[in-house]
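# Working through the structure, step by step
Take a look at the letters that make up each chain.
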Amino acid sequence: TYTVSESDVPGPIVNNATVTAADPCGFSVSDWASESVNVTFTVCVNVTKTANVSVVSVGDVIGYSYVVENCGNVTLYNVTLYDSMFGFISVPSVLSPGETVSGELSYTVSEEDVCSPIVNNMTVTADDGLGTVVSAEDSVVVSVVYSAGVELVKVGSPDPVSVGETVTYTYTVMNVGDVTLSGVSVVDDMLGVVSLNVSVLGPGEWAVGTVSYTHLR
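The structure contained in this document is the topic of the report that follows. Predicted model only: the values in this text are computed from it and were never measured.

Here we come to the sheet that holds strand β3 (residues 45-51). Across the sheet, three strands lie side by side as β3-β5-β8; this open sheet has antiparallel pairing. Each having just a single partner strand, β3 and β8 (100-108) make up the two edges of the open sheet. Geometrically, the sheet is characterised by an average inter-axis angle of 15 degrees between neighbouring strands, direction not taken into account. One ladder, built from seven bridges, connects β3 with strand β5 (residues 61-70); its direction is antiparallel. Within β5, the residue paired with Ala51 across the bridge is Tyr64.

Pasting the structure below:
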């Protein structure tokens with residue numbers, strides 16, 4: 001019996017046997033036979049990517065985990081792992097059959113992520129050292145939720161006011177959501193456009209504007 005090893009790949013395994021013997025008169029006789037056995041083998045690599053959350057908001061941290069596996073029965077060489085968000089990930093360049101390598105990554109959600117789900121792709125490639133290249137990929141999608149809100153407070157002073165006196169209206173606009181607001185503007189149906197000190201508000205920030213009006217009659 002003979003146990004097939006990786007050194008026999010890609011095959012075939014060629015085995016020659018020779019028989020010799022002597023007849024009663026002392027003459028030698030011989031013969032030989034050859035057998036060729038094909039070798040089958042599997043070149044396989046796999047990657048699994050998961051996230052510890054499915055829904056996030058701005059400022060949350062996503063924890064990613066990954067596992068790379070040699071799912072074949074021959075050694076893999078030149079193993080490379082690429083992540084669409086983190087770039088190339090350092091992994092051992094050689095994986096034996098059944099061997100795995102795992103790791104963790106983290107990502108902090110920013111405002112740039114709020115308009116669509118966060119899609120993270122990971123791709124692994126390797127070869128069998130004989131010219132066969134294999135690859136695999138996995139992806140994980142995390143939904144992003146956010147709150148956009150604005151609040152307006154209008155105060156007139158003095159109050160009450162008499163004919164001929166001037167009322168100064170103060171407008172305070174506050175961003176009560178968790179994302180930045182741009183193009184912030186206020187229009188008063190009696191006094192028109194109100195000039196604000198800023199037009200872009202981060203979460204929790206506010207803008208102020210004033211308009212004066214004299215009540216004549």
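Read on for the rest.
Turning next to the nonpolar core. Counting 32 residues, the largest nonpolar core has Val68, Leu76, Leu81 and Val124 as the members making the most contacts within it. For this core, the secondary structure elements donating two or more residues are β3, β5, β6 (77-83), β8, β9 (118-127) and β10 (133-144). For this core, the element with the highest residue contribution is β10, accounting for five residues. If we skip the residues at most four places from it in the chain, Leu76 touches Val43, Cys44, Val45, Asn70, Ser93, Val94, Leu95, Ala126, Asp127 and Val134. Core analysis: the next-biggest nonpolar cluster, separate from the first, contains twelve residues, Val167, Val194, Leu201 and Ala207 among them.

What follows deals with the sheet that holds strand β11 (residues 150-157). Spatially, three strands are ordered β11-β12-β15 in an open sheet, and the strand pairing comes out antiparallel. Because the sheet does not close on itself, it has two edges, and the strands there are β11 and β15 (206-214). Each strand of the sheet is rotated relative to its neighbour by a mean of 15 degrees, with strand direction disregarded. Relative to β15, strand β12 (residues 166-175) runs antiparallel, the two being bridged by nine bridges. By the bridge assignment, Thr168 is partnered in β15 with Ser212.

Looking now at the pattern of salt bridges. Two side chains that carry opposite charge are able to pair once their charged atoms sit near each other. One pass over the structure, following the stated rule, counts two salt bridges. Among the salt bridges present, the one from Lys49 reaches Asp83, with a minimum N-O distance of 2.6 Å. Here Lys49 is found in strand β3, whereas its partner Asp83 is found in strand β6, with 34 residues between them in sequence. For Lys49, a relative accessible area of 3% puts it in the buried group. Judged by its relative accessible area of 0%, Asp83 falls in the buried class. Across the pair Asp188 and Lys154 runs a salt bridge whose closest N-O atoms are separated by 2.6 Å. Here the residue Asp188 occupies a position in strand β13 (residues 186-188), and Lys154 occupies one in strand β11, the gap between them amounting to 34 residues.

Moving on, we get to the state of the cysteines. Taken as a whole and judged by the stated rule, the model has one disulfide. The disulfide that involves Cys44 links it to Cys71, with 1.8 Å between the sulfurs. One quick way to see it: the torsion about the S-S bond of Cys44 and Cys71 is about -80 degrees, and its sign makes the bridge left-handed. Placement of Cys44 in the loop between β2 (28-37) and β3 and of Cys71 in the loop between β5 and β6 is noted, with a sequence separation of 27 residues between them.

Rules behind the numbers
- Residues numbered from 1 in each chain as written.
- Predicted model: local features only at pLDDT ≥ 70, side-chain atom pairs only at ≥ 80, totals over all residues.
- Heavy atoms only, no water.
- Pairing = 2+ DSSP bridges.
- Helix = DSSP H or I, 4+ residues; strand = E, 2+ residues; numbered from the N terminus.
- Axes fitted to C-alpha atoms, helices over the stretch in contact; angles between N-to-C directions.
- Core = buried A, V, L, I, M, F, W, Y, C linked by side-chain atoms within 4.5 Å.
- Buried < 20%, exposed > 50% of the residue type's maximum accessible area, 1.4 Å probe, protein only.
- Contact = heavy atoms within 4.5 Å.
- Salt bridge = Lys/Arg side-chain N within 4 Å of Asp/Glu carboxyl O.
- Disulfide = S-S within 2.5 Å.

Remember that the coordinates give geometry; whether it matters functionally is a separate question.
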